[in-house]
Amino acid sequence: MTMFASTFRWLQRKRYQYEVTFSLYMLTPTEKFIFNSFLFLFFSMIVIAMTLYLPQHIAFLTNRAWFYYNGDENAKAAVHSSVESATHTVLVEKIKETIVNTAARSKILEAGKEL
């Protein structure tokens, strides 16, 4: 058997499996043509839609995942500055409190020494 003959037999077998799977063997040739035309149009539209819209959709999903993972740079900067200013304010208040407490202790110690 030549390679051409074995390929032809394989194609015949696949065609037979297709007709048996979708019950096309019981249709007339015109009905088969109509069914195959609808099937071809449907899959053609799917392929065209995937070619046109899938790359944009994947880019959108990638950008959205990047945003969810890393956040927005403006939002990060705003949060960082607010945390920094809040930390700075808290730090300044702690220093003032420490100075006042130290001064109060030294006054108490001086008063104790005088007695």
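Note that the structure is predicted; figures quoted are calculated from it, not measured.

1. Digging into the packing of aromatic side chains
Stage number 1. Taken as a whole and assessed by the stated rule, the structure comprises four aromatic pairs.
Stage number 2. The interplanar angle of 70 degrees and the centroid separation of 5.4 Å between the aromatic rings of Phe42 and Phe43 together place this pair among those described as edge-to-face.
Stage number 3. Take Phe42: its relative accessible area is 46%, and that puts it in the partly exposed class.
Stage number 4. Of the aromatic side chains, those joined through ring pairs into one cluster are Tyr18, Phe22 and Phe35.

2. Thoughts on the UniProt feature "transmembrane region" (unreviewed entry) in the protein
Stage number 1. Here the UniProt feature "transmembrane region" (unreviewed entry) sits at residues 33-54.
Stage number 2. Counting secondary structure, residues 33-54 comes out at 100% helix and 0% strand; the distance between its end C-alpha atoms is 30 Å.

3. A short note on helix H2 (residues 29-70)
Stage number 1. Look at H2: 59 Å from first C-alpha to last across 42 residues, which is about the 62 Å you get at 1.5 Å a residue.
Stage number 2. The principal kink in H2, of about 45 degrees, is found at Tyr53, preceding the proline Pro55 by one to four residues.
Stage number 3. Directly beyond the C-terminal end of H2, a positive phi value near 80 degrees is found at Gly71.

4. Overview of the pattern of salt bridges
Stage number 1. Tallied over the full model, the rule gives two salt bridges.
Stage number 2. Between Glu19 and Arg15 there is a salt bridge whose closest N-O contact spans 3.4 Å. Within this pair, Glu19 and its partner Arg15 are both found in helix H1 (residues 3-21), separated by four residues, close to a single helical turn.
Stage number 3. Its relative accessible area of 13% is what places Glu19 among the buried residues.
Stage number 4. Since its relative accessible area comes to 57%, Arg15 is described here as exposed.
Stage number 5. Between Glu19 and Lys32 there is a salt bridge, with its nearest N and O atoms 3.5 Å apart. You can see Glu19 sitting in helix H1 and its partner Lys32 sitting in helix H2, a full 13 residues away along the chain. Of the two residues, Glu19 and Lys32, neither departs from the other in class, the shared state being buried.
Stage number 6. Taken together, the salt bridges that share partners define one network made up of Arg15, Glu19 and Lys32.

5. Topic: a nonpolar patch on the surface
Stage number 1. A contiguous nonpolar patch, built from Phe42, Phe43, Ile46, Met50, Leu54 and Ile58 and spanning about 560 Å² of accessible area, is present on the exposed surface.
Stage number 2. Positionally, Ile58 belongs in helix H2.

Definitions and cut-offs
- Residues numbered from 1 in each chain as written.
- Predicted model: local features only at pLDDT ≥ 70, side-chain atom pairs only at ≥ 80, totals over all residues.
- Heavy atoms only, no water.
- Phe/Tyr/Trp six-rings, centres within 6.5 Å; stacked < 30°, edge-to-face > 60°.
- Buried < 20%, exposed > 50% of the residue type's maximum accessible area, 1.4 Å probe, protein only.
- UniProt positions renumbered as here; feature names shortened; annotations may be inferred.
- Helix = DSSP H or I, 4+ residues; strand = E, 2+ residues; numbered from the N terminus.
- Expected span 1.5 Å × (residues − 1).
- Bend = angle between axes of the 7 residues up to and from the residue.
- Salt bridge = Lys/Arg side-chain N within 4 Å of Asp/Glu carboxyl O.
- Patch = residues over 30% accessible without salt bridge, like charges linked within 9 Å, V, L, I, M, F, W, Y side chains within 5 Å.
- Areas by Shrake-Rupley, 256 points an atom, 1.4 Å probe, with all protein chains shown as cover.

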